[in-house]
Amino acid sequence: EAISARVNLAAAYIESGNYGDALQHLKAAEAIRPYANTHLLLADLALRTGQHAIAEQEYRRASELEPRDPGPHAGLGELFATQGNADAAVAEYRQAIALDSSHAAARTNLAVILLNRGDLAEAETQLMAAIKAQPLLADAYFNLALVLEKAGRTGEAIAAVNTVLELEPGAADARELLERLSRH
């Protein structure tokens, strides 16, 4: 319980941007016993602070401790995408999805890479699966709108953006996209 409490507190500190206190609690949790979630949070913290080598090391350690957890692979995918290594990111996102087909974030992030590569059909498939798994994920609808726009399916793209705005009324990027789509 002490480990869980420290890890949960660290997660809250990370969300609030208090990385110093988060690191302190994660190190204390790790000193008690190695725990995959501790390493996931250490990796997320390292990624947020630009410490890519440490992030990769911590994601890999989390995967060693919990090989069936898709989280480390999704994190590695994000890390590699941040570094511009799309092929490695795709491989990690696919591994996360293989471990958990309902991993909406991995599917959405994979779809962004596929969209950038021009593979609109698979990007749409990934986004529809993400939406099925997590129907309130505004990011998936936003990226679906981009895919549909690029495919020339403006009406469907507008519907997807409207869903984003229902979920996140203040989403400025969605409002800009809606304006652009409305001019078509």
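Structure: above.
Everything in this summary refers to the structure shown in the same document. As the structure is a prediction and not an experimental result, all values here were calculated from the model.

1. Some words on the nonpolar core
Grouped together as the largest cluster of nonpolar side chains are 47 residues, with contacts concentrated most on Y59, V161, V164 and A174. It is helix 9 (residues 138-150) that contributes the most residues to this core, eight residues altogether. Other than its neighbours up to four places away in sequence, A174 contacts F142, V161, V164 and L165. Among the nonpolar cores identified, the runner-up in size contains 10 residues, and V7, I14, L42 and L45 belong to it.

2. Some details on the side chain of H25
With respect to the helices and strands, the residue H25 is situated in helix 2 (residues 19-32). For H25, the contacting residues outside a window of four places in its chain are R6, L9, A10 and Y13.

3. Topic: the layout of surface pockets
Its volume calculated, the largest pocket comes out at about 240 Å³. Those elements that place two or more of their residues in the lining of the largest pocket are helix 1 (2-16), helix 3 (36-48), helix 5 (71-82) and helix 7 (104-117). Looking at which element gives the most residues to the lining of the largest pocket, the answer is helix 3, with five residues. Split by residue class, the lining of the largest pocket holds nine nonpolar, four polar and four charged.

4. Some words on helix 9
Helix length check: helix 9 (13 residues) gives 19 Å between terminal C-alpha atoms against 18 Å at 1.5 Å per residue, within 8%. Within helix 9, 10 of the 13 residues are buried, which leaves the element mostly enclosed by the surrounding structure. Among the residues making up helix 9, those that are buried are A138, A140, Y141, F142, N143, L144, A145, V147, L148 and E149. On the buried face of helix 9, the contacting elements are helix 7, helix 8 (120-133), helix 10 (154-167) and helix 11 (172-182). Note on helix 9: the residue one or two positions beyond its end, G152, has a positive phi of about 80°.

5. Some remarks on the packing of helix 6 (residues 86-99) against helix 7
In the contact formed by helix 6 and helix 7, the axes pass within 9 Å of each other and the chain directions differ by 145°. By crossing handedness, the relation of helix 6 to helix 7 is classed as left-handed. Contacts from A86, D87, A89, V90, Y93, R94, A96 and I97 in helix 6 reach A106, R107, N109, L110, I113, L114 and R117 in helix 7. Classifying every residue of the contact of helix 6 with helix 7 by side-chain character gives 10 nonpolar, one polar and four charged.

6. Focus on the pattern of salt bridges
One pass over the structure, following the stated rule, counts eight salt bridges. Across the pair R153 and E124 runs a salt bridge, and its minimum N-O distance is 2.8 Å. In this pair, R153 is assigned in the loop between helix 9 and helix 10 and E124 in helix 8, connecting sequence segments 29 residues apart. Using a relative accessible area of 28% as the deciding quantity, one classes R153 as partly exposed.

Parameters and conventions
- Residues numbered from 1 in each chain as written.
- Predicted model: local features only at pLDDT ≥ 70, side-chain atom pairs only at ≥ 80, totals over all residues.
- Heavy atoms only, no water.
- Core = buried A, V, L, I, M, F, W, Y, C linked by side-chain atoms within 4.5 Å.
- Buried < 20%, exposed > 50% of the residue type's maximum accessible area, 1.4 Å probe, protein only.
- Helix = DSSP H or I, 4+ residues; strand = E, 2+ residues; numbered from the N terminus.
- Contact = heavy atoms within 4.5 Å.
- 1 Å grid on protein atoms, 1.4 Å probe; cavity = no way out; pocket = protein on both sides within 12 Å on 5 of 7 lines; lining within 4 Å.
- Points joined across faces, edges and corners; volume = space filled by probe spheres on them.
- Nonpolar A, V, L, I, M, F, W, Y, C, P; charged D, E, K, R; others polar.
- Expected span 1.5 Å × (residues − 1).
- Axes fitted to C-alpha atoms, helices over the stretch in contact; angles between N-to-C directions.
- Left-handed = near helix turned anticlockwise from the far one by under 90°.
- Salt bridge = Lys/Arg side-chain N within 4 Å of Asp/Glu carboxyl O.

Note that every value here comes from positions in space, so none of it alone points to a role or purpose.
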